[in-house]
Amino acid sequence: PTEVDYLLVTTVGDFQDYSETREFAALGKSASWRVVRLGLVGKIYDGKTGKLIESTNIPVEMRDQTENGANATKNGDLSDSLIQQVTFKAADLVAARVADVIYPARVLSKLDRTVTISRGEGSGVSTGQIWEVFALGEELIDPDTGASLGREELKVGQVRITRINPKTSQAEIISDTGIDKGAILRLP
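Residues numbered from 1 in each chain as written. Predicted model: local features only at pLDDT ≥ 70, side-chain atom pairs only at ≥ 80, totals over all residues. Heavy atoms only, no water.

K.L.:
Hey, could you run me through the nonpolar core in this one?
P.N.:
Where a protein is soluble and globular, its nonpolar side chains tend to be buried together. Core analysis: the biggest nonpolar cluster contains 15 residues, and Val 107, Val 115, Trp 131, Val 133, Val 159, Ile 179 and Leu 185 have the highest contact counts within it. Going through the elements one at a time, β4 (105-111), β5 (114-117), β6 (130-141), β7 (148-164) and β8 (169-176) are the ones with two or more residues in this core. With near-sequence residues (within four places) excluded, Val 107 lies in contact with Val 115, Thr 116, Val 133, Ile 179, Asp 180, Lys 181, Gly 182, Ala 183 and Leu 185. Leu 40, Leu 82, Val 94 and Ile 102 belong to the second-largest nonpolar core, a separate cluster that totals twelve residues. (Core = buried A, V, L, I, M, F, W, Y, C linked by side-chain atoms within 4.5 Å. Buried < 20%, exposed > 50% of the residue type's maximum accessible area, 1.4 Å probe, protein only. Helix = DSSP H or I, 4+ residues; strand = E, 2+ residues; numbered from the N terminus. Contact = heavy atoms within 4.5 Å.)

What follows is the structure in C-alpha cells.
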C-alpha cells in the first residue's frame, strides 16, 4: 500500500442553475441572465493519522448576461461554457486553499516597507488584496492526548499586494509589529 501525506475529499454541497430576467419598462428592454452557483466542501485529512486538518466551504457563482430577453440557456455552447467556467474557478479555489493549509504563504524578504511573499500568478493572489501576517510561536500540545495542535500564530501586521510575479508577489506593509522573514500570511 502507498502512503500519502494528505488526502483531499471534495463534495458538492450545492448546485443551482437558473435564469433571472429584469424588465426595464421605461426603456422597452429587458435583461436576462443565467446564474450557475456551485458550492464545494473540501476536507483535508492527514494521510498518516486520518485526522481532519481542515474543512472549508468554497462557493462560486457566475452569471452569463444577454440583452433583450435572449436567453443564454438556449445556446448549448454558452450553457456548457458557463458551467465549465464555474467548475474551473471552484477547482482553482480548492487548490489555492489546499496550498494555503499545507504550505501557507510566507514572507521571503523584507526591505523597508515592502515584503516579498511566496505566492505568485495563479495562486489566488491579486493586486490590492490585504493579507494578515503572523509570527509562529511555540508548538501547542494537547494536555490530555499529548497530540500536537500546531503552532501558535501571533498577528504581527497587515500587507497590501502591489505586484504579482510568476512565482512571488510584493506587498506594501500597512501595519507592522514584528513582521520578519518566515512569517506566514493569510487572507482574512
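K.L.:
Mind showing me how you'd approach unusual backbone geometry here?
P.N.:
For residues other than glycine, phi is negative in most cases, and the peptide bonds are mostly trans. In this structure, Asp 112 takes a positive phi of about 55° despite not being glycine. Examined against the element boundaries, Asp 112 turns out to sit in the loop between β4 and β5. Residue Asp 112 is classed as exposed on the basis of its relative accessible area of 67%.

K.L.:
How do you make sense of the pattern of salt bridges when you look at a structure like this?
P.N.:
Two side chains bearing opposite charge may form a pair once their charged atoms approach each other closely. Overall, the coordinates contain eleven salt bridges when judged by the stated rule. A salt bridge links Glu 172 to Arg 160; the nearest nitrogen and oxygen atoms lie 3.0 Å apart. Note that Glu 172 is positioned in strand β8 and Arg 160 in strand β7, a separation of twelve residues in sequence. Three or more residues are tied together by salt bridges with common partners; here these are Glu 20, Arg 37, Glu 61 and Arg 63. (Salt bridge = Lys/Arg side-chain N within 4 Å of Asp/Glu carboxyl O.)

K.L.:
Explain the environment of Gln 129 here, please?
P.N.:
Relative to the helices and strands, Gln 129 resides in the loop between β5 and β6. Relative accessible area serves as the criterion here: at 17%, Gln 129 is assigned to the buried category. For the pair Gln 129 and Arg 163, spaced 34 residues apart in the sequence, the C-alpha separation amounts to 10 Å. Setting aside its immediate chain neighbours within four residues, Gln 129 contacts Gly 124, Val 159, Arg 160, Ile 161 and Leu 187.

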